[in-house]
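# Structure assessment
Letter by letter, the chains look like this.
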Amino acid sequence: MNLAFSPLRPEPGELIVGLICFLLMVWVLGSRVLPRIERLQADRRDATEGGAERAEALQAEAERTYEAYREELADARHEAARIRQDAAEQGAAAIAAAREEGVRERDRLVAEAHARIAVDQALAAVTLRRAVGELAVELAGRVVGEPLAAVAADRRTVERFFDER
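Sequence positions are assigned chain by chain, starting from 1 and proceeding in written order. Side-chain atom pairs in this predicted model are given and counted only at pLDDT of 80 or more, local residue features only at pLDDT of at least 70, and totals for whole chains, interfaces and linings cover all residues. Side-chain descriptors were evaluated using all non-hydrogen atoms of the structure, hydrogens and water having been removed beforehand.

Let's shift gears to the overall build of the protein chain. Comment: elements are numbered from the N terminus, with helices defined as DSSP H or I runs of at least four residues and strands as E runs of at least two. Along its length, the protein chain carries 3 helices and 0 strands. Beginning at the N terminus, the succession of helices and strands in the protein chain can be written as α-α-α. Counting across all 165 residues of the protein chain, residues that qualify as buried make up 4%. In these tables, accessible area is a Shrake-Rupley quantity obtained with a 1.4 Å probe, and a residue counts as shielded only by the protein chains included in the view. About 14800 Å² of surface is accessible on the protein chain, with carbon and sulfur atoms providing 62% of the total. Per-residue accessibility, obtained with a 1.4 Å probe over protein chains only, is compared with the maximum for each type, and a residue is labelled buried under 20%, exposed over 50%, and partly exposed between these values.

The following block contains the structure:
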């Protein structure tokens, strides 16, 4: 057994080479690998935090858009209600105006009809007086045996008879 060689006690040259290799590895890791790892971690953190921030911003924008939509919808409903109310009022006014026009037209037609009836009654009365007078004179002439139309016309007997009544 060789007591001089022990894995727990390295040779001084191996120790220096091992130390140089260790420092070289630390330098390579520190200058090349660690910055890349930190950059990847920063990118991932930005992506995660930025995604959450973007999601919050999008959520806030969606809420603002939804509120604007609700306000527009409420305004549209109010406008529709106002338009319906105006239309109902205009319809009621049109119905009232048509009804009033109908009443005026009816009254005019009734007045014209009454006037026409009065004229027709007067005309019928005159025609009836003449016909009754002619018949009365003709019958009187038959009873007497002579035509009395000329005498009755001269004396206006029939008109006086009707005027007395």
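Alright, that's what it looks like, and here's the rest.
A separate point is the pattern of salt bridges. Here, a salt bridge means any side-chain nitrogen of Lys or Arg that lies within 4 Å of a carboxyl oxygen of Asp or Glu. Summed over all chains, the structure comprises 9 salt bridges. Put simply, Asp86 and Arg82 hold a salt bridge, and the shortest N to O gap is 2.7 Å. Here the residue Asp86 and the residue Arg82 both occupy positions in helix 1 (residues 12-144), the gap between them amounting to 4 residues, near one helical turn. Take Asp86: its relative accessible area is 27%, and that puts it in the partly exposed class. In this structure, Glu100 and Arg104 form a salt bridge, with 2.8 Å as the shortest nitrogen-oxygen distance. One end of the pair is Glu100 and the other is Arg104, both in helix 1 and 4 residues apart, which spans about a single turn. Looking at Arg104, the relative accessible area reads 43%, which means it is partly exposed. In the salt-bridge network here, residues are joined through shared partners; they are Glu79, Arg82 and Asp86.

This brings us to a nonpolar patch on the surface. Candidates for patches are residues over 30% relative accessible area with no salt bridge; among them, like charges are joined within 9 Å and nonpolar side chains (Val, Leu, Ile, Met, Phe, Trp, Tyr) within 5 Å. A cluster of nonpolar side chains, contributed by Leu19, Phe22, Leu23 and Val26, occupies part of the molecular surface with about 400 Å² of accessible area. By the secondary structure assignment, Phe22 is in helix 1.

Take the packing of aromatic side chains next. Here a pair means two rings of Phe, Tyr or Trp (six-membered ring of Trp) with centres within 6.5 Å. Their orientation is stacked below 30 degrees between planes, edge-to-face above 60, and tilted elsewhere. A complete count under the given rule lists 1 aromatic pair for this structure. Plain terms: the ring middles of Tyr66 and Tyr69 are 6.4 Å apart, the flat faces sit at 35 degrees to each other, and that makes the pair tilted. In this pair, Tyr66 and Tyr69 are both assigned in helix 1, 3 residues apart and thus about one turn of the helix distant. Given a relative accessible area of 46%, Tyr66 falls into the partly exposed group.

Turning our attention to a negative patch on the surface. As used throughout, the charge tally considers Lys and Arg to be positive and Asp and Glu to be negative, leaving His and the chain termini uncounted. For this purpose, a charge sits on NZ of Lys, CZ of Arg, CG of Asp or CD of Glu. On the surface, Asp43, Asp46, Glu49, Glu53 and Glu56 cluster together into a patch of negative charge. In this fold, Glu56 is placed in helix 1. The class for Glu56 is exposed, based on a relative accessible area of 57%.

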